[in-house]
Structure formats: structure tokens, C-alpha cells
Amino acid sequence: MPYIITSLCTNDGACVEVCPVACIHTTPGAPQFYIDPEVCIDCEQCEIVCPVDAIFKDIDIPAEHVASIEVNAAFFRKNKAAVGPVSFDTAWAMIHSAHEYAQMVGIAVTAVVVDEAGAPIAVGRMDKAEPRSAELAFNKAYTAAAFHVATTELAPQARQPWLRSLMIAHQGRIMPMGGAVPLLDGVTIIGAIGVAGASRPEQDVLCCRAAIAVWETPGH
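Quick summary incoming for the structure in this document. (Residues numbered from 1 in each chain as written. Predicted model: local features only at pLDDT ≥ 70, side-chain atom pairs only at ≥ 80, totals over all residues. Heavy atoms only, no water.)

### Structural notes on the sheet that holds strand β5 (residues 110-115)
Basically, it comes down to this: Should DSSP find at least two bridges between two strands, the strands are regarded as paired. Secondary structure counts use DSSP, requiring at least four H or I residues in a row for a helix and at least two E residues in a row for a strand, with both numbered from the N terminus. Each axis is a line fitted through C-alpha atoms, and for a helix only the stretch in contact is used; angles between axes span 0 to 180 degrees, taken between their N-to-C directions. We call two residues contacting when some pair of their heavy atoms lies within 4.5 Å.
What the four strands build is an open sheet, ordered β6-β5-β8-β7; its pairing is antiparallel. Each of the sheet's edge strands pairs with one partner strand only, and the pair in question is β6 (120-125) and β7 (180-185). Between one strand axis and the next, the sheet turns by 15° as a mean value, whatever way the strands run. Two elements, β5 and β6, share five bridges in a ladder whose sense is antiparallel. For Val112, the partnering residue across the bridge sits in β6 and is Val123. Packing of helix α5 (residues 133-147) onto the sheet brings it into contact with β5, β6, β7 and β8 (188-196), and relative to β8 it is tilted by some 155°. Most of the contacts of helix α8 (residues 201-215) go to β8, to which it runs at about 140°, and overall it touches β7 and β8.

Following this line, the structure appears as C-alpha cells:
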């Protein structure tokens, strides 16, 4: 049940700042912000901070603003790029780059690339990486794909009730811990890469950055 921004919006932008999944967007000259119904996780943070009460859950929207449901959806049909998931070759090249960096700094990790839905595309575990690192790397990648943000940004909110509820609902797959980065094409989620196995999340993040460099290389 997504939230909907109505024409009451004054482009204040407070909702954008608090959205944990980066599903609120607009374009230059547009009269308001819009919520992507395919990404919204019903966390209510945008509704709480809206200074003009322009945001409603779709099932609670006043009759005079029902048309806003289609307005929000149409905005993303028009502006989201129609792109496919990361190819296996690119995913494997990203994993190889993460492993190269890990080897250079003397750590052993597992790297996982997932698609936009959080399903695995490729998994690579270094010889000395702990077996459980594969599960942790996948969970991190799944989280980055679900929230459309680097998991480092979610870590400070790990104890928030809304996030703890989602962690329970997703049976532990949601992991607000540094070590995963989403792959975005504009406002379109392509997938994510997650890394686990280092003694500190900061090292996992650096491995992710090495992988992202491959993703950002022209031709991938």
C-alpha cells in the first residue's frame, strides 16, 4: 500500500530527505514531488514530515485527490528508464574487482551481485572467506536493492521501530550494515552488490567501491 503525493504539494522536499528507499522524485518544472508506487515500503516517514499534509496512504486518500494515484504512477512510467538487470559478465567482473581489492589489502570476502528484485545474479567467495560470509553478502545486497541506498546509510537507523519491523517481516534478510551499494540508472534500480567477510564494515565498503568502478566503466 504505497503513499501518494497529491496536488497540495508545495515542493518543500522534506519528504525526499527522510525517505529510506529514495522513491520520491520530481523533474525540473514539475508542479510537485511524486512517489514511485513500485518502490514505496509504506514506512509513513514522508507523511509525518510533510508541512502541508499533502501525502496520504492510497487506501486513505480523500475522494477529491483519488486522481493523484494515477498521476504518481504515470510520472514514473514516463521517467523511469526501461533497462534490464546487470549482465552475468558484468556482475562477475564486479566480483572479480572486489576480490582483487580484498586480496591487495589482505582480507578474504564474498561478493554478491543481485538484480533489482534482490535475486542473485552472481556469487563469488574467496578461498579463505568464512562460509557464512556468502549469506551476509547476499543479505546486504538484498537490502541495498530493496531500499535503493547504500546500507551504510541505513546503519544509524537499525534500532528504529519501522526498520526493525521490516527486518522481522523479511526474516532477517534486511541487514542495515555497511557493505552494499545499489546500482542505479537514473531513478531506476538495476541491482546491487554486497560484500561481507572483512573484520570491519568499512573494508567491505571499500571492496564495493572497487566493484562499482567496473560498473561505471563505459561498456558495462
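Past the structure itself, the notes keep going.
### Structural notes on the side chain of Thr6
Checked against the element boundaries, Thr6 lands in the loop between β1 (3-5) and α1 (14-18). Residues in contact with Thr6, not counting those within four places in the same chain, are Gln32, Ala54, Phe56, Ile61, His65 and Ser68.

### Let's talk about a nonpolar patch on the surface
Put simply, the test is: Nonpolar side chains (Val, Leu, Ile, Met, Phe, Trp, Tyr) are joined into patches within 5 Å and like charges within 9 Å, using only residues with over 30% relative accessible area and no salt bridge. The protein chains shown are the only cover counted for residues, whose accessible areas, like all others here, come from Shrake-Rupley with a 1.4 Å probe. Salt-bridge detection follows one rule: a side-chain nitrogen of Lys or Arg within 4 Å of a carboxyl oxygen of Asp or Glu.
A contiguous nonpolar patch, built from Val18, Ile48 and Val49 and spanning about 220 Å² of accessible area, is present on the exposed surface. Inspection of the secondary structure assignment puts Val18 in helix α1.

### Observations regarding the nonpolar core
Condition: Here, nonpolar core refers to any group of buried Ala, Val, Leu, Ile, Met, Phe, Trp, Tyr and Cys residues whose side-chain atoms link them within 4.5 Å. Burial here depends on accessible area, computed with a 1.4 Å probe over protein chains only, as a share of the maximum for the residue type. Under 20% is buried, over 50% is exposed, and the range in between is partly exposed.
Of all hydrophobic cores here, the largest spans 35 residues; its most connected members are Ile5, Cys23, Ile24, Ile35, Ile55 and Phe147. No other element matches α5, which puts seven residues into this core. Here Ile55 is in contact with Tyr3, Ile4, Ile5, Cys15, Ile35, Cys46, Glu47 and Cys50, once residues within four sequence places are set aside.

### Here we look at unusual backbone geometry
Unusually for a residue other than glycine, Asn11 sits at a positive phi of about 60°. Relative to the elements of secondary structure, Asn11 occurs in the loop between β1 and α1. Given the relative accessible area of 33%, Asn11 is considered partly exposed. In this model, His148 sits at a positive phi of 65°, which is unusual for a non-glycine residue. With respect to the helices and strands, the residue His148 is situated in the loop between α5 and α6 (151-154). You can call His148 buried: its relative accessible area is 8%.

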